[in-house]
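Architecture at a glance
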Amino acid sequence: MRLNGISSLICIAMMLSVFAVSMPVQAQLPEANPISLACANNTQSVDPAGICQYIITVTNGGTIPTLQQSSVTLSVSGTPDGWNASITPQSMDLDAGASGEAVVIVKAPEQAPAGFEFSLTVTGTSSSANDPIGIIPGSEASISLTATVNAIESFEIPSITGKSVEQNKTTVYSIIIKNLGNTNATFTLSGEVPSGWPLDMGGATVEIPAYSSISKSVKISVPADASEGVYNVKIRCKMLKSGGAFEEKVVTIPTTVLKGSTQQVIVPVEADNPLLLIVPLIPWLALAVFLLVLFYLLIRFLAKKNTTIRIVCDRFRREVVQGGGVIYNVRVENMGKAWADVQISIPKIPSGWQAQADYDSFHLNGGESKDLSITVKPLEAAQIGDEAEIIIIGKIVSTGKTASAMTKTLLVDRFAKKLKVYGITNEPQRPQPKDGVRTEIFVKNEDLADAQATVKLYVNDELRGSKRVSVPAGRSVPAKFFWTCSKIENKLSAVVDEA
């Protein structure tokens, strides 16, 4: 039967060649493997660092079964610098008159400018699926996809630590304004201070380019008659957005007013040397400095002594296959107010396993946390069913205090789980003769690794189409078919072959 099919193809190709020779010069043969591409959503918008998806419908325009069954290869070109574009699947087999779908995913860079427009080209190239000697010509089709970057308007002002200032003195704060958006923005500043306090902002309006920041100096003067205490100075920052709207953020600065130092003029009666007035005060000044240093060291010691850390892991148990590895996301948190230098270690790694942290030491300020990754891999000596118990220990260098978290990793057999068909749906559900039927066959991958598969649809034990699909680990995907009904009662079945 196979030889007869090949002989038929050769005969048809020879007839087409003879027909082409006998036709006038202006005549043109129809495409042997005609395809077309379509996209209902070929114009989209996308945020910086965001993604957009395009559904590409690939149609085999042929009408002759077997002879015009095509293998289609898909590619994407024209991706701008810094962008990423991919198409899945990259190839498919289509019967004459059948259609298939592919998904183009485009990811924008983190700092994509507003209004930037790009254009991609998706190209499909067809060849005969039943042409072992390469005499039937293929064909090519393409479609253009465009997208525009959305305007993002956002900003932030980090918090500011307050200061102490004496009466009749001036202090200066630095206000950091970060433009987080992808458009240039205009900001206006205003302040709220107690009545009678001079405020100098050095200009109330600033321009900040996209993804940039500036430091703005704010000078606050405390009057001589200001009462001692804590005053909340507020700095308001407004960003003018498109359409005339405003976004406002307020930063509150606690400013402590201290009593101003008084200067007493002493007129010596008999002493001509002014140093004679200072010498008696030197012991008292030295004692005051010593007590201040001792108090500072005591406070620091108590704060560091009470500092503790905590280790939190995102998962307790995971599975891994031979030749692979798993990653545990671990967070180390400083629960105290003092800073701490932390060392990370993984003692007692089981034989036949490997475990490693991407950081072995780091510094944490009070209340700060650090994210790190722990990678666990089985070596060749590990056996299926072995379980590795890994303990991650964090130690504060100055006090020796520790915290820990435990993970368990089980080595399993990758090939114990297979691809399987778990559902077939039709539209319409009960087709009548001559109806066009759309069939979806769902394939599930229960393995721990991504897989490629070929799905075949049989109607009344007759092969009506095959599709190539990519199935991520632990996920399911549909394979879509289009066929023409010829009977009132139809028996559908599917077979999935792993690549």
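Scope of this entry: the structure provided in the associated data block. Everything quoted here is computed from the prediction, not taken from an experiment.

With antiparallel pairing, four strands are arranged side by side in an open sheet as 19-21-25-23. Two strands bound the open sheet, and with one partner strand each, they are strand 19 (309-313) and strand 23 (353-357). When the angles between neighbouring strand axes are averaged without regard to direction, this sheet yields 20°. Summarising the sheet, strand 23 and strand 25 (residues 369-378) pair through five bridges and their orientation is antiparallel. Residue pairing in the sheet places Gln356 in a bridge with Thr375 of strand 25.

Summed over all chains, the structure comprises 15 salt bridges. A salt bridge links Glu247 to Lys241; the shortest N-O distance between them is 3.9 Å.

What follows concerns the pairing of strand 30 (residues 451-459). Sheet topology note: the strand 30/strand 31 (residues 462-471) ladder contains nine bridges and is antiparallel. Pairing of Lys456 across the sheet is with Ser466, part of strand 31. Hairpin connection, strand 30 to strand 31: the antiparallel pair is bridged by two residues, and Asn460 has positive phi, about 55°. Strand direction decides the pairing type here: strand 30 and strand 33 (residues 492-498), joined by seven bridges, are antiparallel. Paired with Ala453 across the bridge in strand 33 is Glu498.

A few words now on the sheet that holds strand 24 (residues 361-364). Strand order in the open sheet formed by five strands is 20-27-26-22-24, and the pairing between neighbours is mixed. On the outer flanks of this sheet lie strand 20 (317-321) and strand 24, each paired with one strand and no other. For this sheet, the mean angle separating the axes of adjacent strands, direction not counted, is 25°. When strand 20 meets strand 27 (residues 402-412), the two strands line up parallel, connected through five bridges. Bridge pairing in strand 27 links Val321 to Val412.

Scoring rules and cut-offs
- Residues numbered from 1 in each chain as written.
- Predicted model: local features only at pLDDT ≥ 70, side-chain atom pairs only at ≥ 80, totals over all residues.
- Heavy atoms only, no water.
- Pairing = 2+ DSSP bridges.
- Helix = DSSP H or I, 4+ residues; strand = E, 2+ residues; numbered from the N terminus.
- Axes fitted to C-alpha atoms, helices over the stretch in contact; angles between N-to-C directions.
- Salt bridge = Lys/Arg side-chain N within 4 Å of Asp/Glu carboxyl O.

By themselves, these figures tell us nothing about what the structure is for.
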